[in-house]
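Spelled out from the first residue to the last, the chains are:
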Amino acid sequence: MILYNITFTVSNEIEEDFVQWMKVTHIPDIFATGLFTEHKFFRLLNSPDDTVTNYSVQFFAENTKKLIEYESRFAKELRYETQARYGEKAMPFRTLMESVD
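The structure reproduced in this document is the subject of the present report. (Residues numbered from 1 in each chain as written. Predicted model: local features only at pLDDT ≥ 70, side-chain atom pairs only at ≥ 80, totals over all residues. Heavy atoms only, no water.)

Remarks on the pattern of salt bridges
How we decide: Whenever Lys or Arg places a side-chain nitrogen within 4 Å of a carboxyl oxygen from Asp or Glu, that contact is recorded as a salt bridge. A run of DSSP states H or I qualifies as a helix once it reaches four residues; a run of E qualifies as a strand once it reaches two. Both are numbered from the N-terminal end. For the exposure calls, accessible area comes from a 1.4 Å probe over protein chains only, and a residue counts as buried if that area is under 20% of its type's maximum, exposed if over 50%, partly exposed in between.
On inspection of all chains with the given rule, the structure shows six salt bridges. Between Glu15 and Arg43 there is a salt bridge; the shortest N-O distance is 3.9 Å. Remark: Arg43 occurs in strand β2 (residues 38–43) and Glu15 occurs in helix α1 (residues 15–31); sequence separation between them is 28 residues. What makes Glu15 buried here is its relative accessible area of 18%.

Okay, structure coming up:
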């Protein structure tokens, strides 16, 4: 199992819109690619800066092949949509993790 995690540092001034857009548009768009089996959306509770809030969006893929396909076919456009909408007010940090059985 592969976990594709995107952590966003979100300016408080756009936080409400960001959360709504993620729930209604962006997360469903990524999940609709059919390459992930599950997703989760979290707000981080510990933040050293009170002007931003951090969110983590997690997508689970069966294997790296699915993730590579996502990256090659869909990632660029979906990343652009987030960047175009929020610019530097929602900065992403992406990590890949593998389940250790």
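Examining the sheet that holds strand β3 (residues 52–61)
Definition in use: Strands were regarded as paired on the criterion that DSSP finds at least two bridges between them. Simply put, an axis is a line fit to the C-alpha atoms, just over the touching stretch for a helix, and the angle between two N-to-C directions goes from 0 to 180 degrees. Residue contacts follow a heavy-atom distance rule, with two residues in contact if any of their heavy atoms lie within 4.5 Å.
The sheet built from four strands is open, its strands ordered β2-β3-β1-β4 with antiparallel pairing. The sheet is open, and its two borders are formed by β2 and β4 (90–98), each paired with just one other strand. Sheet twist, expressed as the average angle between the axes of neighbouring strands with direction ignored, equals 15°. Each of β1 (2–11), β3 and β4 touches helix α2 (residues 64–86); the most contacted strand, β1, lies at about 10° to it.

A few points about the environment of Phe59
Tracing the backbone through its elements, the reader meets Phe59 in strand β3. For Phe59, a relative accessible area of 0% puts it in the buried group. Considered as a pair, Phe59 and Ile27 are 32 residues apart in the sequence and their alpha carbons are 9.1 Å apart.

Points about the side chain of Glu15
To keep things clear, this is the line we draw: What qualifies as a polar contact is a pair of N or O atoms within 3.5 Å, subject to a donor-acceptor requirement within protein and to the restriction that residues adjacent in sequence count only when both atoms come from side chains.
Engagement of the side chain of Glu15 in a polar contact is seen with the side chain of Thr53, the distance being 3.4 Å. If we skip the residues at most four places from it in the chain, Glu15 touches Val10, Arg43, Thr53 and Tyr55.

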